[in-house]
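# What the coordinates show
One letter stands for each residue in the lines below.
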Amino acid sequence: MEVRVDRSLCEANELCVAFAPEVFEIDDDDELRIVQPSPPQEEVERVTQAVTACPKNALFMSD
């Protein structure tokens, strides 16, 4: 699984960070950074929740 962000939609509101802080972070420029683009299996549920919770639908998962 790979996680991606559409930067044109992302508002860096940090909901994804709240769900999966091991995978997402906000950098010093207030932009979302995906720390683990291919998260380990134990993070998949949290990443799925983060993608679903994104208010701008800026996160995507692919196989």
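Below, the structure is looked at part by part.

## Topic: a negative patch on the surface
- A cluster of acidic side chains, namely Glu 14, Asp 28, Asp 29, Asp 30 and Glu 31, defines a negative patch on the protein surface.
- Relative to the helices and strands, Asp 29 is located in the loop between strand E2 (24-26) and strand E3 (32-34).

## Considering unusual backbone geometry
- Positive phi, normally seen in glycine, also occurs at Asp 30, with a value near 60 degrees.
- With respect to the helices, strands and loops of the structure, Asp 30 is situated in the loop between E2 and E3.
- Unusually for a residue other than glycine, Asn 57 sits at a positive phi of about 55 degrees.
- Structurally, Asn 57 can be placed in the loop between helix H2 (44-53) and strand E4 (59-62).

Procedures and definitions
Residues numbered from 1 in each chain as written. Predicted model: local features only at pLDDT ≥ 70, side-chain atom pairs only at ≥ 80, totals over all residues. Heavy atoms only, no water. Patch = residues over 30% accessible without salt bridge, like charges linked within 9 Å, V, L, I, M, F, W, Y side chains within 5 Å. Areas by Shrake-Rupley, 256 points an atom, 1.4 Å probe, with all protein chains shown as cover. Salt bridge = Lys/Arg side-chain N within 4 Å of Asp/Glu carboxyl O. Lys, Arg positive; Asp, Glu negative; His and termini not counted. Charge placed at Lys NZ, Arg CZ, Asp CG, Glu CD. Helix = DSSP H or I, 4+ residues; strand = E, 2+ residues; numbered from the N terminus.

By themselves, these figures tell us nothing about what the structure is for.
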